Structures are given as structure tokens and as C-alpha cells.
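The primary structure of each chain is shown beneath.
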Amino acid sequence: MEQFFSCHGRKLLQASLWKDGLQLGASLGPGPRRWLGFCRRPLIGTFPVLPWACSAPRFLRGLLQLSDIPSRWASGAASNMPPSSEFVARSVGVCTMMRLPLQSSPEGLDAAFVGVPLDIGTSNRPGTRFGPRRIREESVLLRTINPSTGALPFQSHLVADIGDVDVNLYNLQDSCRRIREAYQKIAAANCIPLTLGGDHTITYPILQALAEKHGPIGLLHVDAHTDTADKALGEKLYHGTPFRRCVEEGLLDCKRVVQIGIRGSSMTLNPYKYSRDQGFRVVLAEDCWLKSLVPLMGEVRQQMGKKPIYISFDIDALDPAYAPGTGTPEIAGLTPSQALEIIRGCQGLNVVGCDLVEVAPMYDPSGNTALLAANLLFEMLCVLPKVKTA
């Protein structure tokens, strides 16, 4: 059965809801558009969690009580609230990040989840093009409040899933152009992007776009690798080179770049020389073993100050015992609890964007790598500026 909700059906629903005093509809300004989207053609997923299958009349005949809509799906006109599994089964609805509404643009949003399904910059195992989709699938388990930190992200910011960047899987340069242009629009809308990758090449065009708005940006880079190589097979653009390209273009505030979790074998005795020569702080994984990273993050906060920073988290920073679903795994990595300490340690910083990259779900049939990625993205949302705490 087709899961379309047509413009005609939307108008019927709008009329009925207006009659009952619920101000939802495309004609009511930006607030209602968060729920109904733009009435242009038959849409899939404008209501990612509503359990109807065909049209408004069937919906209005009692499949769901109209009075249930605000309490189940919205906290009010000014926020998008993921639904509670107490009322809506987790298997119901279009697959968006945390089952948030799907919006076609960043306009009116404070923050947005964005997928970049790219893997043609990988050097070992491909498959990260499927990362965003699997992360969204696993995010169905996430809820709205962070009891550990008291963060209330959805009571603080208007958040939605704005879909995927339309990358070109046959041309890496063109994909980077498309990513850069998409993020220029996000930045122009004053929306903070939380990116679902995709291989680590994508951070380069994202930072190009954000640096246009903010100037040179501080970087918290969590990874098994520094990603500062110059080239491979004669190519200067792939997932091992993004931060060297960023340095060359002046996108980074190099005195405010910290790389955490670095490890693995190398072709040289000093593989971290380039990073350190630029002024980066490099924290090796072995310096993190068997200890809390809360003290380290206190130092990082002092180093970053109040200027804009970007968080780039490669899932291979974690030990493959926890996150095997990635293309270039390295043994003896960070633990999930250390990952939480790193991200939570960014609370109070001027975070202007985040990404979680390098999830290749076919190497982890359990889905645990994508589940971990989804949780880390939620934690990033919780440390954005102006997120209230209980």
C-alpha cells in the first residue's frame, strides 16, 4: 500500500485540524511547516511517525484521535519532539534521525541532522555510503532527554532531519562541490549541522563552507588517524588528507586543533610530525588507556576558548571490539565511555558543527557500530550552544 499523503489529503487534514483548534497547515507560517512541510506534490515522510497508510479521510475516521497529536508528537508550536515509544511503536514511520520530522531545507531550524552518503574517498574497505541510513535506523532507540547531563535539546532548539546531500558517487571532486554548496546554505540559515557520514573526506568541504561564515575554526578531531597525508596514488583528495587540505586553505585555527585517539602502525617513525608542526595537539590512544578523559577535556576547553569549534568524530577512534563496522579499524582504541567523556566535555564551547563519520554497516551485522554512532550524535546535539539543562 502506498504511503503517500497527497496535497489534497493534507488540505482535508488541515481543514479538520483547524476546525478543532489545532493550528497546523502550510498556510500558517514557518511553525506549522515543521510538521506539514511544503505542499508541492505527493510527499513521502512529511509526517515520519504518523501511522496512516493512505489519505486524510481514513486518518480522520479514527485511526488516531486528533487530540493525541500534540502530546504524542510535539511539545508545542516552537519545537519538534521525537515521539515516545509509549504511544508510537518504534517500527512505525519513515526512517529519519530519531524519528524527527523530515524537512526539505534548513530554514527556521536551529540544528539539523544531515546525511552525506559518500565512500569513494576510502582507502581500504568501502561502504560508508550506507552509514547515514543505518545510523538513522538505529536512532529509533534514542529518546529526548539526557539524564546524565540534564540536557534538554528538544526543549531548547528546533531540530529536524533535512535528508541527504545529493553526492556524485562517480566523481569525488564534484561530490565535494555539492557538499560545500549544501553546507553554505545550512550556514546561511544559521542552522548548526550534525552530519551523518560518509567517509572522512566530507569534513573538508563542510569546513570550507563553515569557515566562510566563521573564519578559521578550532577543531576537536577524534580518530585513529591524523588524516593529514598529502596524497595517495597521486590523488590529493581522499579520506586520509582532509585536514592537510584544510590547513593549506587556512580553514583551521591551528593553535586550537586537538586530535585524540591517534594510533596504529605507520610507514615512518614520526607519523605525527606534520600535525605537531602546524601546532596541533596530538593525544595518542596509548595516553588514554585505562583512564578518565575528563581532565584532558578540561584542558581542551581552556585551549578552545569561546571561539567557534567543530567536532569531527571518526568511529574508528573507538576500539573495533566496540565499533567493528568501519573501513580502517585499528586495535587498542578508545572505549564508548571515553567517547562520552570527550563529547560531554565540549559543553559550554561554541560548537558550530559536528560530524560522525566512517560507519560502514556491512562489517557489523549486529548494528552496534551504528547504534553507538547514533548515540554519539545525540550527545553532540546535547552540547550545542544554548541547550538548556534541568
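It is worth spelling out the overall build of the chain at this point. Within the chain one finds 13 helices and 10 strands. Relative to its 390 residues, the chain shows a buried fraction of 57%. The long-range share in the chain, meaning contacts at least 24 apart out of those at least 6 apart in sequence, stands at 77%. As displayed, the chain offers around 16,600 Å² of accessible surface, 53% of which is attributable to carbon and sulfur atoms.

With that out of the way, let us pick up the nonpolar core. Counting residues in each nonpolar core, the largest one holds 55 residues, and the members touching the most others are Ile135, Ile260, Phe313 and Leu356. The element that contributes the greatest number of residues to this core is helix α13 (residues 368-382), accounting for 10 residues. Residues within four places of Phe313 in sequence aside, it is in contact with Val222, Leu318, Ala339, Ile343, Asp355, Leu356, Val357, Leu376 and Met380. Ranked by size, the runner-up nonpolar core spans 40 residues in total, among them Leu210, Leu251, Leu252 and Val357.

Let us now look at the side chain of His221. Tracing the backbone shows His221 in strand β5 (residues 217-222). With near-sequence residues (within four places) excluded, His221 lies in contact with His200, Thr226, Asp227, Phe243, Val258, Gln259, Ile260 and Ser312.

Taken as a whole and judged by the stated rule, the model has zero disulfides. The structure places no disulfide on Cys346, whose sulfur is separated from the nearest cysteine sulfur, that of Cys354, by 8.0 Å.

Turning our attention to the pairing of strand β4 (residues 192-197). In terms of burial, β4 is a largely internal element, six of the six residues being buried. Where burial is concerned, the two faces of β4 agree: the one with Ile192, Leu194 and Leu196 and the one with Pro193, Thr195 and Gly197 are both buried. Pairing between strand β1 (residues 111-116) and β4: six bridges, direction parallel. Within β4, the residue paired with Val116 across the bridge is Gly197. The pairing of β4 with strand β9 (residues 350-357) spans three bridges and is classified as parallel. Each bridged residue has a counterpart across the sheet, and for Leu196 the counterpart in β9 is Leu356.

Across all of its chains, the model carries zero aromatic pairs by this definition. Stacked on the ring of Tyr363, the Lys or Arg Arg125 has its end atom at 4.1 Å from the ring centre. The ring centre of Tyr274 lies 3.9 Å from the NZ or CZ of Arg244, which sits over that ring.

Evaluation of the coordinates by the stated rule reveals 16 salt bridges. Residues Arg245 and Glu248 are paired through a salt bridge, measuring 2.9 Å at the closest nitrogen-oxygen approach. Separated by three residues within a single helix, Arg245 and Glu248 lie in helix α9 (residues 242-248), roughly one turn from each other. Judged by its relative accessible area of 6%, Arg245 is buried. For Asp277, the salt bridge is made with Lys273, and the minimal N-O distance between the two is 2.7 Å. Taken together, the residues Asp277 and Lys273, both in helix α10 (residues 273-278) and four residues apart, mark about one turn of the helix. Exposure remark for Lys273: the relative accessible area of 46% places this residue in the partly exposed category.

Moving on: helix α12 (residues 336-344). Within the sequence span of α12, burial applies to Gln338, Ala339, Ile342 and Ile343. Burial along α12 is one-sided: seen end-on, the buried residues are contained in an arc of 135°. Close packing links the buried residues of α12 with β5, β6 (252-262), α11 (294-304), β8 (308-314) and α13.

Turning next to the environment of Ala360. By the secondary structure assignment, Ala360 is in the loop between β9 and α13. On the basis of relative accessibility, which here comes to 0%, the residue Ala360 falls in the buried class. Measuring from C-alpha to C-alpha, the distance between Ala360 and Arg129 comes to 7.5 Å, with 231 residues separating the pair along the chain. Discounting chain neighbours no more than four positions away, the residues touching Ala360 are Pro126, Gly127, Thr128, Gly325, Thr326 and Gly327.

Further remarks concern the packing of α12 against α13. Running from N to C, α12 and α13 cross one another at 20°; their axes reach a closest spacing of 9 Å. As far as their axial angle goes, α13 and α12 are roughly parallel. Read as a crossing pair, α12 and α13 show a hand that is right-handed. Facing Pro336, Ala339, Leu340, Ile343 and Arg344 of α12, the residues of α13 in contact are Leu372, Leu376, Glu379 and Met380. The class makeup of the residues in the contact of α12 with α13 is seven nonpolar, no polar and two charged.

What counts and what doesn't
Residues numbered from 1 in each chain as written. Predicted model: local features only at pLDDT ≥ 70, side-chain atom pairs only at ≥ 80, totals over all residues. Heavy atoms only, no water. Helix = DSSP H or I, 4+ residues; strand = E, 2+ residues; numbered from the N terminus. Buried < 20%, exposed > 50% of the residue type's maximum accessible area, 1.4 Å probe, protein only. Contact = heavy atoms within 4.5 Å. Areas by Shrake-Rupley, 256 points an atom, 1.4 Å probe, with all protein chains shown as cover. Core = buried A, V, L, I, M, F, W, Y, C linked by side-chain atoms within 4.5 Å. Disulfide = S-S within 2.5 Å. Pairing = 2+ DSSP bridges. Phe/Tyr/Trp six-rings, centres within 6.5 Å; stacked < 30°, edge-to-face > 60°. Lys NZ or Arg CZ within 6 Å of the ring centre and 35° of its normal. Salt bridge = Lys/Arg side-chain N within 4 Å of Asp/Glu carboxyl O. Arc of directions from axis to C-beta. Axes fitted to C-alpha atoms, helices over the stretch in contact; angles between N-to-C directions. Parallel < 35°, antiparallel > 145°, perpendicular 65-115°, else oblique. Left-handed = near helix turned anticlockwise from the far one by under 90°. Nonpolar A, V, L, I, M, F, W, Y, C, P; charged D, E, K, R; others polar.

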